[in-house]
There are 2 protein chains.
Amino acid sequence: MGGVSDDVLLARAFLNRVAEPASIPVWNAVRRYGPVAAAQAIREGLVDDRVSEATAARAAHVDPYADLEAGQRHGIRLVVPESDEWPHFAFAALEATALRRLETYVRGQRKHAEGGELIPPLALWVRGTTELAPVGVRSVSMVGARAATEYGERVARDLAFGLAERGFVVVSGGAYGIDAAAHRGALAAGRETVVVSAGGLDRAYPPGNTNLFERVAESGLLVSESPPGAAPQRRRFLTRNRVIAALGTGTVVVEAAHRSGAMNTAHHCTGLGRPLMAVPGPVTSTMSAGCHRLIAADEDGARLVTGLDDVLLTIGSAGDLPVHPPAPSSGTDLTARLDLLDQPTRQVFDGFPPRGWVGPDRLAVATGLSPLAVIRALPILEVSGLVEASDAGYRIARPLSRSPAAAPAAASAAASESA
Amino acid sequence: MGGVSDDVLLARAFLNRVAEPASIPVWNAVRRYGPVAAAQAIREGLVDDRVSEATAARAAHVDPYADLEAGQRHGIRLVVPESDEWPHFAFAALEATALRRLETYVRGQRKHAEGGELIPPLALWVRGTTELAPVGVRSVSMVGARAATEYGERVARDLAFGLAERGFVVVSGGAYGIDAAAHRGALAAGRETVVVSAGGLDRAYPPGNTNLFERVAESGLLVSESPPGAAPQRRRFLTRNRVIAALGTGTVVVEAAHRSGAMNTAHHCTGLGRPLMAVPGPVTSTMSAGCHRLIAADEDGARLVTGLDDVLLTIGSAGDLPVHPPAPSSGTDLTARLDLLDQPTRQVFDGFPPRGWVGPDRLAVATGLSPLAVIRALPILEVSGLVEASDAGYRIARPLSRSPAAAPAAASAAASESA
């Protein structure tokens, strides 16, 4: 499995099952201590209240060996962030939103929202022939109503066909209606499509799409946070939706009722700073009501798209950077921001010269990290507002470099790594 | 005819026929010299080149007596700005845009655009039982494709019905398709609707809507800039569209092809600073393509509306003031702006104290003008940036009052009224 040690794989399989997806305490523990130490601490109950609350019920019962074995029996592999197959590019925005959310969490102000927090997955179960890593570089998520109309299914299928023909990976949720039409459109173009499921990949849900999923697995991917054998529960659909939104360069909603899973995915899309699009329809159709509301929204609204050209223009104008640079959070000082970085990212930041532009190669030499590790760290530093990017490379963000105390070495010394 | 002298009525009937509608030179001449003197000057050829160019071909042939007689025979009256029936409120935005355009015109920089300039009508031929004056205070213009679909006609009819029930006058162009559906919806609610025609009101155009127009005339109004007997020419449809846009507090487009008269009306609506709305439809319908383009437009776009509630919200949030305050035109000094005012409006401006808030009543006493004349002048002074309005009344606009040379009396002496 791509050079990942068994220790890490077992730890991630354990972590992925011991808590519900998108648990900020567990994600934070893994970020801080690494998966192996975090898993061990959880198993031994040596964790703070918030981690304990999220994990205590299952800590003694999870058997990661059994999950990995069940996966192997069904041709399902576990893809982890330490693997080359992890979609770092697609998940950069998810990492960024999670880091911003963490600031609030650390200060104890986190509001508990039901499901769907924009926290990266700890691992993904994957079945299929292609690689997960490139998904998100050139991909479009398409979601919509299960009880779609003929009109909606036709639009979804045609749009997916056109996008697939132009080399975009079509990502959806594998449900009846719009989702299935989108997958079928991509398959009809003979291209890759990705089904993100809420339950374990050893069983098809919904069962009526069994044949569709088999065809998808032949040329594309089935993806789930849930281990083999896990039933698709309601909360899992909501957390699943953030993965759909994160795997698309943008998300297109084709028919959605006012309150629906598609609207939830749309919400995640704008939360990630990705372009959201919606297809209009007759105002007399309740299946288009959600799309119309998204288009008419003053903030975080959707762009009206009528076909392939509109989608290509919207995705194109969103540029290559999948993340909105977040507004610098006024209440957060440098120390707090540094404190939020994981160790390799912190190391890359410390490798920056006080002024001047540098490239990843020079940072790799300065830090002793691999170029890949540096490249993974840079978007996080950028969205944290700690470094700036340009054609010339990267440099310490201007407001920081003006303050002598904020030069990396000094800041590094000043920041207390409170464990 | 509402206390308007025969001189004025004949002059306006002459002016309205001697040039095509929306002629800026003729409108400017009337504004400066009044209708009677302007008409006489045109008849005698004592006008500048631009007025002559717009009027010379017909000056000797127009017979306003015959037009007024033909009108009387057909129950068609001529409504003029000097009459109490003139829709001053609805046309305030047209006056404002015309005044802004005049600045460019006076400097000789006017570009000739084909038809549809936002210049107020010089007079309107009207047939029907209600009064034109209040139209625009609580009215919605609805326009759309002649070759409408069943879907579009249903939406137009239902929307017009709902608006009419709530006391909005529905204004449209009397064409087949969406226009007719809108008029029928208002009639079904037993309320007033206004047909703005491109040709003379003595004949129905299109002929197939003859019965519809008869029903409209019984409880509402037929309106046209064209005198009785005038055929509806292409250019007249374009200039007619500005009247439709101006008579609505906002305009709703229900189905429109990419290039269509409805799109032209939509353009006028945003040009007047009025709220533009569009109804989405299937992306597979060419009849909705124009609506979708308006909704997706980055600037001057339309608000997506799915029904009555959306329209009411949009009209409501546009407030009572039907005019966007224009950005102060940087290149225009005070003298030039004063020079653009007609005599009564200039008189009202001169009646302002150098500082402090005043109401219309005090201005009427100060100027010797009637309160109505003062009330008509104030929106023009406001959109010209010469006075400011608040709950406390009106005052000389701040940038002017700070400069001693710009106090009304001084400015009045400085401004040369170059004729």
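Reading the values: the criteria
- Residues numbered from 1 in each chain as written.
- Chains lettered and ligands numbered in written order.
- Predicted model: local features only at pLDDT ≥ 70, side-chain atom pairs only at ≥ 80, totals over all residues.
- Heavy atoms only, no water.
- Least-squares fit on C-alpha atoms with pLDDT ≥ 70 in both.
- Contact = heavy atoms within 4.5 Å.
- Pairing = 2+ DSSP bridges.
- Helix = DSSP H or I, 4+ residues; strand = E, 2+ residues; numbered from the N terminus.
- Axes fitted to C-alpha atoms, helices over the stretch in contact; angles between N-to-C directions.
- Buried area = accessible area lost by both parts, 1.4 Å probe.
- Salt bridge = Lys/Arg side-chain N within 4 Å of Asp/Glu carboxyl O.
- Polar contact = N/O pair within 3.5 Å; in protein donor to acceptor, adjacent residues only side chain to side chain.
- Nonpolar A, V, L, I, M, F, W, Y, C, P; charged D, E, K, R; others polar.

1. Quick notes on the relation of the copies chain A and chain B
Logical step 1: Superposing chain A onto chain B takes a rotation of 180° plus a shift of 0.2 Å along the axis, which leaves an RMSD of 0.2 Å. Look at the turn and shift together and you get a two-fold axis relating the two. For chain A, the minimum C-alpha distance to the rotation axis belongs to A:Gly281 and amounts to 2.2 Å.
Logical step 2: Same-surface contact between copies: 100% of interface residues of chain A are shared with the interface of chain B.

2. A few points about the sheet that holds strand 6 (residues 221-224) of chain A
All names here are of chain A.
Logical step 1: Sheet architecture is open: nine strands sit in the order 1-2-6-5-4-3-7-8-9, paired in mixed fashion. Each of the sheet's edge strands pairs with one partner strand only, and the pair in question is strand 1 (77-79) and strand 9 (303-304).
Logical step 2: Of the strand pairs in this sheet, strand 5 (residues 193-197) and strand 6 are connected by four bridges, and their pairing is parallel. The residue bridging Ser197 from the neighbouring strand is Ser224, located in strand 6.
Logical step 3: Along the sheet, helix 9 (residues 234-247) contacts strand 3 (139-144), strand 4 (169-172), strand 5 and strand 7 (250-254); its crossing angle with strand 5, the most-contacted strand, is approximately 160°.

3. Concerning the interface of chain A and chain B
Logical step 1: Across the boundary between the two partners, chain A contributes 17 residues, which contact 17 residues of chain B.
Logical step 2: A buried area of about 1,300 Å², summed over both sides, lies between chain A and chain B, and 68% of it is on carbon and sulfur atoms.
Logical step 3: It is A:Val283, A:Arg303 and A:Leu304 that lose the most area in chain A upon contact with chain B, and together they represent 34% of the buried surface on that side.
Logical step 4: At the boundary of chain A and chain B, one finds zero salt bridges.
Logical step 5: Put simply, chain A and chain B have four residue pairs in polar contact (both at pLDDT 80 or more) between them.
Logical step 6: Mapped by element, the contributors of at least two residues to the side of chain A that touches chain B are helix 6 (150-165), helix 11 (289-296) and strand 9 of chain A.
Logical step 7: Tallied by class, the residues present in the side of chain A that touches chain B amount to 10 nonpolar, four polar and three charged.

4. A word on unusual backbone geometry
What you tend to see is this: most non-glycine residues have negative phi, and most peptide bonds are trans.
All names here are of chain A.
Logical step 1: Residue Pro206 follows Tyr205 across a cis peptide bond; omega there is -5°.
Logical step 2: Examined against the element boundaries, Pro206 turns out to sit in the loop between strand 5 and helix 8 (210-219).
Logical step 3: Its identity is not glycine, yet Ala22 carries a phi of approximately 65°, on the positive side.
Logical step 4: Mapped onto the elements, Ala22 comes out in the loop between helix 1 (6-18) and helix 2 (24-43).

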